[in-house]
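Single-letter residue listing:
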Amino acid sequence: MSSSSGNDKRRAFLRGSMTLLPAAVIGSVLAPRVQAADGGDRQQAMDADVRANVLYWGADPSGRRDSSTAFAKVARSQWGRTIHVPPGTYRIAKTVDLHGRNLKGPGRTRMNSGDDEACLMPHYSLDGPMFRHCGPEVASLTFNGKSKKGAVALEASDYNTTIQNVFFKSMGIGILVPQFIVNFNVLQCAFVDCEYGLRVRQRKTNSLPSTTVRLIGNEFNYVDNCVVFDGELYGATFQDNIFEAVKGDAIIAKVIYGSNFIGNWWEKRNGGESDWPAARTHMKQQIVNCFASANYLVYGWKDIFSAGEHNQAMGGVSAADGDLVVRSSTGSATRISPNHIRQETDAWMGKVPFVIQSGYSKAHKDAQPLVFRHTSAKGHVHFDADPEHNEAGVWKGKLRFAARVNPSATKDDKGKHKEEATLWDEYEVNAARPGMVGHSEQVTKKGKVHEALTGMPQFVKWRKGDKDAPGVGFFPTNQERKEGVIELSFNKGEYEFRDPIVTVTVDDSDIELAGIEYLHAYSGAEKYKAYYGFVFTFVTRKDGTPATPSSFNLQLFHPY
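Please read these numbers as outputs of a predicted model, since none were measured by experiment. (Residues numbered from 1 in each chain as written. Predicted model: local features only at pLDDT ≥ 70, side-chain atom pairs only at ≥ 80, totals over all residues. Heavy atoms only, no water.)

A. Here's a closer look at the overall build of the chain. Along the chain, the regular secondary structure elements total 5 helices and 52 strands. Residue burial in the chain is summarised as follows: out of 560 residues, 41% are buried. A sequence separation of at least 24 residues applies to 56% of the contacts in the chain between residues at least 6 apart. For the chain, the accessible surface area stands at approximately 30,400 Å², while carbon and sulfur atoms represent 50% of it. (Helix = DSSP H or I, 4+ residues; strand = E, 2+ residues; numbered from the N terminus. Buried < 20%, exposed > 50% of the residue type's maximum accessible area, 1.4 Å probe, protein only. Contact = heavy atoms within 4.5 Å. Areas by Shrake-Rupley, 256 points an atom, 1.4 Å probe, with all protein chains shown as cover.)

B. Inspection of the sheet that holds strand S45 (residues 458-463) at higher detail. Pairing within the open sheet is antiparallel, and its 3 strands lie in the order S45-S52-S49. Edge positions in the sheet fall to S45 and strand S49 (501-506), since each of these pairs with one other strand and no more. Put simply, the sheet's adjacent strands are angled 20° from each other on average, direction ignored. Pairing analysis gives 6 bridges linking S49 to strand S52 (residues 551-557), with the strands arranged antiparallel. Bridge pairing in S52 places Thr503 opposite Gln555. (Pairing = 2+ DSSP bridges. Axes fitted to C-alpha atoms, helices over the stretch in contact; angles between N-to-C directions.)

C. Structural detail: the pattern of salt bridges. Going through the model one piece at a time under the given rule, you end up with 13 salt bridges. For the salt bridge of Arg65 with Asp60, the shortest nitrogen-to-oxygen distance reads 3.8 Å. Given the relative accessible area of 7%, Asp60 is considered buried. Taken together, the salt bridges that share partners define one network made up of Asp323, Arg335, Arg342 and Glu344. (Salt bridge = Lys/Arg side-chain N within 4 Å of Asp/Glu carboxyl O.)

D. Examining a nonpolar patch on the surface more closely. Together, Leu324, Val326, Ile336, Ile341, Phe354, Ile356, Leu370 and Phe372 give the surface a local cluster of nonpolar side chains, amounting to about 740 Å² of exposed area. Within the element layout of this structure, Phe372 appears in the loop between strand S38 (366-367) and strand S39 (381-383). According to the relative accessible area criterion, Phe372 is exposed, its value standing at 56%. (Patch = residues over 30% accessible without salt bridge, like charges linked within 9 Å, V, L, I, M, F, W, Y side chains within 5 Å.)

E. Quick look at unusual backbone geometry. We note that Ser170 has phi near 55°; this positive angle belongs to a residue other than glycine. One non-glycine residue, Asp499, lies in positive phi territory at about 45°. For Asp499, the position within the fold is in the loop between strand S48 (497-498) and S49.

F. Geometry of the environment of Gly465. Within the secondary structure, Gly465 is located in the loop between S45 and strand S46 (477-482). On the basis of relative accessibility, which here comes to 77%, the residue Gly465 falls in the exposed class.

G. Molecular detail of the state of the cysteines. In the structure shown here, the tally under the stated rule is 0 disulfides. Cys194 takes part in no disulfide bond, and the closest cysteine sulfur to it belongs to Cys226, at a distance of 9.5 Å. (Disulfide = S-S within 2.5 Å.)

H. Region of the structure containing the pairing of strand S35 (residues 332-337). Where strand S34 (residues 323-327) lies against S35, 4 bridges are found, and the strand directions are antiparallel. Opposite Val326, over in S35, you have Thr334 as the bridge partner. What sits between the antiparallel neighbours S34 and S35 is a turn of 4 residues, in which Gly331 has the positive phi angle 100°. Note: S35 against strand S36 (residues 340-345), 6 bridges, orientation antiparallel. Looking across to S36, one finds that Arg335 is bridged to Arg342. Following S35, the chain reverses through 2 residues before pairing antiparallel with S36.

I. The arrangement of the environment of Asp275 in detail. In this fold, Asp275 is placed in the loop between strand S26 (265-269) and strand S27 (276-277). The contact partners of Asp275, leaving out residues within four places of it in the chain, are Gly300, Trp301 and Lys302.

J. Representation of the side chain of Glu344 in the model. As for its placement among the helices and strands, Glu344 is situated in strand S36. Residue Glu344 is classed as buried on the basis of its relative accessible area, which comes to 9%. Of note is the side chain of Glu344, whose polar atom sits 2.4 Å from the side chain of Arg342. Leaving out residues up to four positions away in the same chain, Glu344 has contacts with Gly308, His310, Gly331, Ser332, Ala333 and Arg335. (Polar contact = N/O pair within 3.5 Å; in protein donor to acceptor, adjacent residues only side chain to side chain.)

K. Focus on the packing of aromatic side chains. As enumerated under the stated definition, the model contains 30 aromatic pairs in all. Taking 5.2 Å as the distance between ring centres and 75° as the angle between the ring planes, the aromatic pair formed by Tyr56 and Trp57 counts as edge-to-face. Of the two residues, Tyr56 and Trp57, neither departs from the other in class, the shared state being buried. Centre to centre, the rings of Phe243 and Trp266 are 5.2 Å apart; their planes meet at 20°, and the pair counts as stacked. (Phe/Tyr/Trp six-rings, centres within 6.5 Å; stacked < 30°, edge-to-face > 60°.)

L. Representation of the pairing of strand S51 (residues 530-540). Of all the 11 residues making up S51, 10 are buried; the element is thus mostly covered by neighbouring parts of the structure. Sheet topology places strand S47 (residues 485-489) next to S51; 5 bridges connect them, and they run antiparallel. Each bridged residue has a counterpart across the sheet, and for Glu487 the counterpart in S51 is Val535. As paired elements, strand S50 (residues 511-520) and S51 share 9 bridges and run antiparallel to each other. Looking across to S51, one finds that His520 is bridged to Tyr531.

M. Structural detail: the environment of Leu141. Relative to the assigned elements, Leu141 resides in the loop between strand S8 (137-139) and strand S9 (142-144). Along the sequence, Leu141 and Cys119 sit 22 residues apart, while their C-alpha atoms lie 6.4 Å from each other.

N. Seen up close, the sheet that holds strand S10 (residues 152-155). Overall, parallel pairing links the 8 strands, which are arranged S4-S7-S10-S13-S16-S19-S23-S28 in an open sheet. The sheet is open, and its two edges are formed by strand S4 (96-97) and strand S28 (280-281), each paired on a single side. Looking at chain direction, strand S23 (residues 251-253) and S28 are connected through 2 bridges and run parallel. Residue pairing for S28: Ile252 is matched across the bridge by Arg280.

Written out as structure tokens, the structure is:
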């Protein structure tokens, strides 16, 4: 029999068998069709469509016989870039190499098998994945692994691949990729009762990271682990996915960097550990520089995006519930809400400075203005304590920015006052300790940072016989022990000075300070530099004899 005669008979047999199938099957076999110029071209176009269909090569749509040979034949043939799979059930007993061909079915039903879907089922004797080396598109199919526990549906190509509208049911692995992936899309797919949804392995320890991966509009139900990367993941997008009744991880990779989590839904756990992170990394605290918005997590899932706990949370920017959270990946964040800006740190964090800094103009060699603006003359900046901690800070009360000290002060040529606005304390400064303590970082020419202690000291004016001199009332004990010896102190146990910095200046030109005795607050206080007061000794400059000055000035700086 000639080759042409054989093909004619095969074509006639296929068309005859199609009369026994639903109209949807016939449409799948014959479409899409090219508009041809004449009868011969139309026949050739129809032949190409038919020969790209697995039924032409002997696939059994009843599922009673192995169809892997038919799939392999069409994959090796010259007919088209896309293999069409009409409705039916097809058993796969041997791994089919698609040789870069696309694989498409007529569509899939919502959850259960139907007569109008193409269902691919692994034979119990299958050793290896059902399909490998697919083309750029796999779409509109159902993979059902109930007859072969742990089967792999699709070993996909690692680059420029889109898997769309595919239903993976009861599979060991829905989509397996042997190494990193690039420009890889999983769209509107469903994974139900699978051990893994997408599994991306890493053959080498120094393998390149996976990049530009997009999972959009997928559903994972009763899956052990949904999306698993052995290696690093950069620039991925997870959008509008559902992770429901998951036992293990929804999303995990060695590192997740520069990725997006938008509009995803996590709900319930299926026997796995509760309060489980929505996404996590093999390396600790390595979800870095990501973005998250409009995600929802309930019933057993831990919010890594906008929750108040920051350890092992997502580093980057998260928008949720009206808050904007800017977080490092190591336990600290800044939360911006409609009515406040707040720094947040976990309990184990050390001192993390919170800095509001204006810019610097190189052109003008000057810093840009840093402005706190209120809307009325009675506006003020209020310093208080977080009720949760119940401790006063360095400042307590209100600071008001006065418009001008003297409204009639001189003005410049633009009509503005030449005098600067003043800042004054309306209530109490530093309820915990007098003065104010700060730190200033100084950088050398070599780039080394040195921390300078800065702040405002406490001032005391002592006058002989004047108990009402400025600031002296701070000390319960104010006495002249004898000529030239003055004690300023508290009762023991009432107050402590911790390693204070003391400066004394004498107003009398002929008297000078000879020394300071620090009164130990308790036994062993020398070790901690803790004192309850001071004894000052004064002498004459001429001969060093004890002499009490008419007045002296005391500055106390409290660093602790």
